[in-house]
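# Remarks on the overall topology
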Amino acid sequence: MSANRAVLALLDHAELDSKAGKRDAAGASLERALRIEPRNPWLWLQLAQVRLAQGQYAQAITLARKANSFAARNYRLQADSWQVIAQSRVALGDTAGAEQAYKLAADLALQARAEQH
Amino acid sequence: MKLPSLVSAWNRLFPHLKPRMPGKAVRVVALLLLLGLSGYIYYLDTTIREAFEGRKFALPARVYGRALEVYAGAKLTREQLLEELKGLGYHENPEPQEPATYKLTLTGLDFTSRAFVFTDGPQPSQHLRIEFNEGTVSLLQEHGTPDVDVPLLRLEPPLIGGIYPGHNEDRDLVRLDQVPKTLIDALITTEDRKFYTHWGIDPRGIARAVFKTVSGQRIEGGSTLTQQLVKNFFLTSERTLSRKANEVLMSLLLELHYSKDEILETYLNEIFLGQDASRAIHGFGLASHFYFDRPLDRLELQEVATLVGMVKGPAVYDPRKKPELTLERRNLVLKEMAALNVITQSQFLAARNKPLGVVQRAPTGTSPYPAFLQFVHRQLQRDYREEDLRSEGLRIFTTLDPLVQRQAEAAVQMRLGAIEKARKISPNTLEGAVVVSSTQTGEIQALVGGREARFAGFNRAVDTQRPIGSLVKPIIYLSALEDPVHYTLITPLDDSPLLWRQPGTSDWKPQNYDRKFHDQVQLRTALAHSYNVSTARLGINLGIERVLDKLPRFGIEHQPAPFASSLLGAFGLAPVEVAQLYQTFADGGFRTPLRAIRSIVTADGKTLQRYPLNVEPVAAAGPVYLLTAALQGVVREGTGQPLLNWLPPEIKAAGKTGTTDDLRDSWFAGYTGDRVAVVWVGRDDNKPTGLTGASGAMTVWGEMMKNIQPEPLEPVMPEDVELVNIDPASGVRYDDSCKGGVPLPFIKGSAPTEITPCAVLAEVPKSSTVEVIPAAVKTEAKPGVKAEVVPAAKAEAKSGSKAEPEKKNWLQRLFN
């Protein structure tokens, strides 16, 4: 996810806080990590997942898109981002959009697996 | 506030009381006296406690800058870390085990950080070792057995100011444990040696005062610190015995209720130490800023002694107006300290020989960054009541980066001075403003409101709305590029004369800066050279309102009039608004509202509010990617070319110059991989400056960025964009292998489909593709001076045909 130990330390921090339900704090740690590596798509994706868990669906969708904007040809990550978008759309009542996103996520996951082999 | 005297209070309470029957009367009088006295004492007690508590609990909001994150691999030099540590009040110490001390080592530092309570919890003090290599941190370890790597250290954030109570009262409240010991020693030595043992008064001092009064001499002296504090609460020039009696009683009462430390702390924050026009200077914290422009914990011994000497009479011992008298008094304080062995003889001799060292012009506030602080304050006022900001002791964590701020301030000062000198403009007539933010998070890292950034005043970064000229053009070009069926980077635009008639305005005939017309120019060339005529025609064809209506989505609340002249920026925006506009271009079409505040924490450490990162997609990634490529062309080959005097071409900075009518406003807005920055240069009286965007604002931008060392701008290519090999002059498409072309980005499907054989251009002599650097770059040696020789006017004036061969090689060089 990152070669930078400072970023990894902050990711650990965020994960602990997230598991403890302290999502605001998790978000703050991820923002600290983003100040260090602003173009790291994994960090944007993690922040999107935190916002999804907080019920901030519009923000989750945008952050997932932003993750993708830094993730050219990284299908694994793109698949995860579309998962976040799909779940957010479900919560927002956009069933058709969610279906589309799920399908994209599935396709990308397949592509990612194909690449691994 | 003035207290009633004992006698007049008595008379008011018992006006009818006249002794008639001596025996009984005496008893009645004694009883009443006792009752009256206890009532009166009760009254004094309430008064003094109210005054004391009032001071104690009016805690201003404290505003902090960003906390510096230090980790192995961080781009940070030893000098920068030292600057940060000194700003935090760290002292050099050969044994740096105490918090806030450091020692230089061969290639790094040995230091002990302070403990600090952050929004997400406390962080303990750590004794650390850091090493640097080639501008980055190469090692960060905590001392121990054995030493262990520290993945990440967050230094405590620098305090950058406060929001203070009262109108003409300004404080920099200090806690007793933050006050240098030398100050307390000096104070007690000079003013009240028995402070820790007396009950609030010094009977001998009072006896002397009484004696002097009775014998007809002046009333003076004999006051303990406690008495002085009481006196300070109710400042009056009245010197009567009854006032003295009140003072004594209140001092005894204070000592009854509060500890010595509480009294001393309040004294340190309350004592009157000078007058600055309508503003009273109360307390040592503020006085330290007012006289030495430094926080209290960074004063040296002789400076501390100066302040203590002034307690006796700040008007008499005014270091600015009466330096000799003040120096004499200071040395007396030092001498007394040496006599009591509070300081050593050598400390005394060293301190005595130093000059007063008072800054000649007092800063207007306690913040070194008044423009940024004002911006923060305004943002806070939207969410909080003013009295809460001034009294609840809130802690405000902001985004200001002092290292970036310092470069921004220095660049404004240095460049404006150099421009005035080189162009024989009368000194100190040019003004400037700068906003720097981080590209992806939208955090404002620096805000400069004027040339004298240290002095609060007109905040040009936020409060001036000056016509933005060509800075508006990218929004027109973005609108065009969003329609790939009709517009690509190489679409020919018509730059022939234009006459525009619109009801409600006079006829409009836009001119180019070089007063020429250029027939057909490629879209990217029209933007690079900032051609007005072709741009205006493009905007009119797209629809004036359609273009201008985009602005609110980019965070520009100010809606310009729907006239064609607005297409060329004939409307005013503040630099901070322009920064918001360019932020979205820099961030691939995502709009992140610019933020100055990260979080707000209450006095007892609870997080009151966070201002999280907020992102909104407002423009498609593909067209924004194309726009960025075109704005990189501005710097590579257009009006922004002289920027290469400051920044190497590998940075691939994108930007746009802006010049308004008669050269009144000089603008540059641009971005690198990690920062967006906007600079405005002009005059407060709005007279012409003789500067274009490139010869004025852009030089400030370049100077600043050079010192900040930005990341190169390499946006990720969106999926709907492809690179196609194009002949830069004609715009025809070549086979991918053809060396004569340059790869240009297109929205997929919008590039020319017909492929031209590349025979002719393959002949381009090798030498010219290797190193063709425009004249401007060759003068690199002394950017500050030489830039004047190559004003952008020349670059702007270059006609299309003349620039063509040079440009081709430039593009080749860059894309190869």
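Predicted model only: the values in this text are computed from it and were never measured.

Thresholds applied
Residues numbered from 1 in each chain as written. Chains lettered and ligands numbered in written order. Predicted model: local features only at pLDDT ≥ 70, side-chain atom pairs only at ≥ 80, totals over all residues. Heavy atoms only, no water. Helix = DSSP H or I, 4+ residues; strand = E, 2+ residues; numbered from the N terminus. Rg over C-alpha atoms; globule rule 2.2 N^0.38 Å. Buried < 20%, exposed > 50% of the residue type's maximum accessible area, 1.4 Å probe, protein only. Contact = heavy atoms within 4.5 Å. Pairing = 2+ DSSP bridges. Axes fitted to C-alpha atoms, helices over the stretch in contact; angles between N-to-C directions. pLDDT = per-residue confidence, 0-100. Buried area = accessible area lost by both parts, 1.4 Å probe. Salt bridge = Lys/Arg side-chain N within 4 Å of Asp/Glu carboxyl O. Polar contact = N/O pair within 3.5 Å; in protein donor to acceptor, adjacent residues only side chain to side chain. Parallel < 35°, antiparallel > 145°, perpendicular 65-115°, else oblique. Left-handed = near helix turned anticlockwise from the far one by under 90°. Nonpolar A, V, L, I, M, F, W, Y, C, P; charged D, E, K, R; others polar.

### Description of the overall build of chain A
Check the secondary structure of chain A and you find six helices and zero strands. Secondary structure elements in chain A, listed N-terminal to C-terminal, are α-α-α-α-α-α. By the compact-globule yardstick of 13 Å for 117 residues, chain A fits well, its C-alpha radius of gyration being 14 Å. Each principal axis of the C-alpha distribution contributes one length, and for chain A these read about 35 × 35 × 20 Å. The 117 residues of chain A split such that 51% are buried. Pairs at least 24 residues apart make up 48% of the contacts formed inside chain A by residues separated by at least 6 positions.

### Some remarks on the sheet that holds strand β28 (residues 665-671) of chain B
Sheet strands line up and pair through hydrogen bonds in the backbone, either parallel or antiparallel. All names here are of chain B. Taken together, five strands build an open sheet; the order of strands is β18-β17-β29-β28-β27 and the sheet is antiparallel. Pairing within the sheet leaves two strands with one partner each, and these edge strands are β18 (444-448) and β27 (654-659). Between one strand axis and the next, the sheet turns by 5 degrees as a mean value, whatever way the strands run. Two strands pair when backbone bridges link them, and strand β17 (residues 431-438) and strand β29 (residues 675-682) are joined in this way by eight bridges, in the antiparallel orientation. Of the residues in β29, the one forming a bridge with S437 is V676. Of the strands in this sheet, β17, β18 and β29 are in contact with helix α15 (residues 402-422), which crosses β18 at around 30 degrees.

### A look at the confidence of the model for chain B
All names here are of chain B. Mean pLDDT over chain B works out to 85, with 86% of the residues at or above the 70 mark. Here residues 761-816 scores under 50 on pLDDT; set against residues more than four positions off or in separate chains, the count is 94 contacts. Reported confidence for the predicted complex is 0.95 by ipTM and 0.78 by pTM.

### Observations regarding the interface of chain B and chain A
Taken together, the contacts link 25 residues of chain B with 27 residues of chain A. When the two sides are added together, the surface that chain B and chain A hide from each other amounts to roughly 2,300 Å², 55% of it contributed by carbon and sulfur. At the junction of chain B and chain A, the tally comes to six salt bridges. Among the ionic pairs, E31 of chain A bridges to R595 of chain B, the shortest N-O distance being 3.5 Å. At the boundary of chain B with chain A, the tally comes to eight residue pairs in polar contact (both at pLDDT 80 or more).

### Regarding the packing of helix α16 (residues 473-481) of chain B against helix α21 (residues 621-637) of chain B
For any two helices packed against each other, one specifies the crossing angle of their axes together with the interaxial distance. Residue and element names in this part refer to chain B. Running from amino to carboxyl end, α16 crosses α21 at an angle of 135 degrees, the nearest separation of the two axes being 9 Å. Taken together, α16 and α21 sit at an angle that is classed as oblique. Handedness of the α16/α21 crossing: right-handed. Residue-level inspection shows P474, Y477, L478 and L481 of α16 in contact with α21, the latter providing P623, V624, L626, L627 and L631. By residue class, the composition of the contact of α16 with α21 is nine nonpolar, no polar and no charged.

### With respect to the pairing of strand β25 (residues 607-610) of chain B
In this sheet, β25 of chain B lies alongside strand β24 (residues 597-601) of chain B in antiparallel orientation, the contact comprising three bridges. Following the sheet pairing, V601 of chain B is matched in β25 of chain B by T607 of chain B.

### Overview of unusual backbone geometry
Generally, phi is negative for residues other than glycine and the peptide bonds are trans, each holding for most cases. Residues and elements named next belong to chain B. For the bond from T145 to P146, the omega torsion is -5 degrees, close enough to zero to count as cis. Here P146 lies in the loop between β9 (136-142) and β10 (148-149). Even without being a glycine, N428 presents a positive backbone phi close to 60 degrees. Relative to the assigned elements, N428 resides in the loop between α15 and β17. Since its relative accessible area comes to 62%, N428 is described here as exposed. If you check the backbone angles, K652 has positive phi at about 50 degrees while not being a glycine. Tracing the chain through its elements places K652 in the loop between α21 and β27. Residue K652 is classed as partly exposed on the basis of its relative accessible area, which comes to 29%.

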